[in-house]
Every structure is written in C-alpha cells, then in structure tokens.
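Overview (structure and organization)
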Amino acid sequence: GAVVSQHPSWVICKSGTSVKIECRSLDFQATTMFWYRQFPKQSLMLMATSNEGSKATYEQGVEKDKFLINHASLTLSTLTVTSAHPEDSSFYICSARGDSSPLHFGNGTRLTVT
Amino acid sequence: AQRVTQPEKLLSVFKGAPVELKCNYSYSGSPELFWYVQYSRQRLQLLLRHISRESIKGFTADLNKGETSFHLKKPFAQEEDSAMYYCALSEGHTGRRALTFGSGTRLQVQP
C-alpha cells in the first residue's frame, strides 16, 4: 500500500542551528501534506498544510519564519526548523494524501535541541 | 472551531473483557470521524472511519450526532489490541480536510 517516508527518525542538534525534516510519498502523488507536532503525552497539533507548488498555510500561533515548509514536488515536502531552541524539542509527524488516496502518516521525527 | 475530546488517558482491561474508548466532538458542520491506532514503535494508521460503517479487528464505532460522540467498542479485548488510540475529525469534503485529533487513550489489555 501507499507509504509515507519521513527522515530522519530522530535528530539531536545544538541550540541556534537549523534542522531539515523530509517527508516523501513513495508510491502516490501527494497533492497535500500536513505537518503535525506532538509534545510528550499530548495530542498531535496541526502546524501547517501545504499544497504542491503553493505556499503553506500555517495554523494560528505557528511562526512561518521559524518553521519553513517547502512542497516543491508531488512526492516531497520538507520542514526546516530554523534557529532551533530547546522548546522546539518535540515529535514532528507528516501526513500526506493524494487527490484520490486516503491520508497516510510518516513515522515521525523526534527532535531534541540541546 | 472543531474539537475532539477523549476523556480517558489510560484504559486498562483484562483479556476477553469489553472495551469502550470514548470520543466526543464539537463541530458545527457535518464532520467525518476517524479512529487511528498507534502500536508500539509504529506509525499512526487508520483503524476505521464512520462513513465506512465497518468492523476492523473486531472494533466498531457508531457516530451519534445527537450526543456528538464516536465511541470505539470491541466486545472482547485481545492483548494485541494494546496501543494508543486517537479519535480524529475532518471537516468532511469541504475545507482543508486536515485532521483534528483528540489527546489519545492508551489501551492496556492484560492477560
């Protein structure tokens, strides 16, 4: 079946550096991708929605200049956490759907900022 | 704005006992409701959706619009059902079609 691949699975970075997370749809064209963040013992919170070829739509309270989302192709979206700080440490999950395919989730990326 | 509430963080039952995971929602339109499951060290995966009205792995869920609920039920729990369960809502065929998740319920089925 359809699979969404997310990379890396986990990353540790120093405060002030930037981290890029990739989300790929492996056997379908992902016209829409969603980025979620999950803090420990909390639910998944939608950060932004990205449609291929257009700017991402961010949820209220999510800084677009800090969380850069690029969805340049139908199989790849990236989330870059710029100038990361310890409070950005979280579990980031992408999901993707095509025009006629259901929603599929990536395995998530655990980001730890030291 | 839409909201999904799962009142129980943890539900612990013995094998063979009935299970009901509660989910209530608030949304002014006609939502689509889903249950997702996350087994240990695995990704989120769809368990069932209300429009399908199907039973998956013995689980069923009925949308009750009057009570705005979408509780997940299984008559006889199995140990392999132990997982994290999330109720989620989508704005249906209009809007962004992103999912709003509840806070999740961890189901522990003891032998």
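Heads up: the structure comes first, above all this text.
Calculation rules
- Residues numbered from 1 in each chain as written.
- Chains lettered and ligands numbered in written order.
- Predicted model: local features only at pLDDT ≥ 70, side-chain atom pairs only at ≥ 80, totals over all residues.
- Heavy atoms only, no water.
- Helix = DSSP H or I, 4+ residues; strand = E, 2+ residues; numbered from the N terminus.
- Rg over C-alpha atoms; globule rule 2.2 N^0.38 Å.
- Contact = heavy atoms within 4.5 Å.
- Areas by Shrake-Rupley, 256 points an atom, 1.4 Å probe, with all protein chains shown as cover.
- Buried < 20%, exposed > 50% of the residue type's maximum accessible area, 1.4 Å probe, protein only.
- Pairing = 2+ DSSP bridges.
- Buried area = accessible area lost by both parts, 1.4 Å probe.
- Salt bridge = Lys/Arg side-chain N within 4 Å of Asp/Glu carboxyl O.
- Nonpolar A, V, L, I, M, F, W, Y, C, P; charged D, E, K, R; others polar.

Turning to the overall build of chain B, a few remarks are in order. Scanning chain B from N- to C-terminus turns up 0 helices and 11 strands. Moving toward the C terminus, one meets the helices and strands of chain B in the order β-β-β-β-β-β-β-β-β-β-β. In terms of overall dimensions, chain B is globule-like: its C-alpha atoms have a radius of gyration of 14 Å, near the 13 Å expected for 111 residues. Dimensions of chain B, computed from the C-alpha atoms along their principal axes, are close to 45 × 30 × 25 Å. Here the analysis covers contacts within chain B between residues at least 6 apart in sequence; of these, 58% occur between residues at least 24 apart. Accessible surface for chain B amounts to roughly 5900 Å². Of this, 48% is attributable to carbon and sulfur atoms.

Here we come to the pairing of strand β3 (residues 19–25) of chain A. All names here are of chain A. Burial along β3 is one-sided: the face carrying Val19, Ile21, Cys23 and Ser25 is buried and the face carrying Lys20, Glu22 and Arg24 is not. As paired strands, strand β1 (residues 4–7) and β3 are joined by 4 bridges and run antiparallel to one another. Across the sheet, residue Val4 finds its bridge partner in β3, namely Ser25. Inspection of the sheet shows β3 paired to strand β8 (residues 76–81) by 6 bridges, in the antiparallel sense.

This part covers the interface of chain A and chain B. With 16 residues of chain A at the interface, the matching set in chain B holds 13 residues. Between chain A and chain B, a total of about 1400 Å² is buried, with carbon and sulfur atoms accounting for 49% of that surface. The tally of links between chain A and chain B comes to 0 salt bridges. When the residues that make up the side of chain A that touches chain B are grouped by side-chain class, the tally is 8 nonpolar, 5 polar and 3 charged.

We now examine the sheet that holds strand β8 (residues 72–74) of chain B. The 3 strands are arranged β3-β8-β7 (chain B) in an open sheet whose pairing can be described as antiparallel. In this open sheet, the two edge strands, each paired with only one partner strand, are β3 (19–21) and β7 (60–61) of chain B.

Before going further, it helps to examine the pattern of salt bridges. For the coordinates displayed, the defined rule picks out 6 salt bridges over all chains. Close ionic contact of A:Glu22 with A:Arg24 constitutes a salt bridge, the shortest N to O distance being 3.5 Å. Judged by its relative accessible area of 24%, A:Glu22 is partly exposed. Here B:Lys22 ties to B:Glu20 by a salt bridge, and the two come within 3.1 Å at their closest N and O atoms. Judged by its relative accessible area of 28%, B:Glu20 is partly exposed. Linked by salt bridges that have partners in common, B:Glu20, B:Lys22 and B:Lys73 make up one network.

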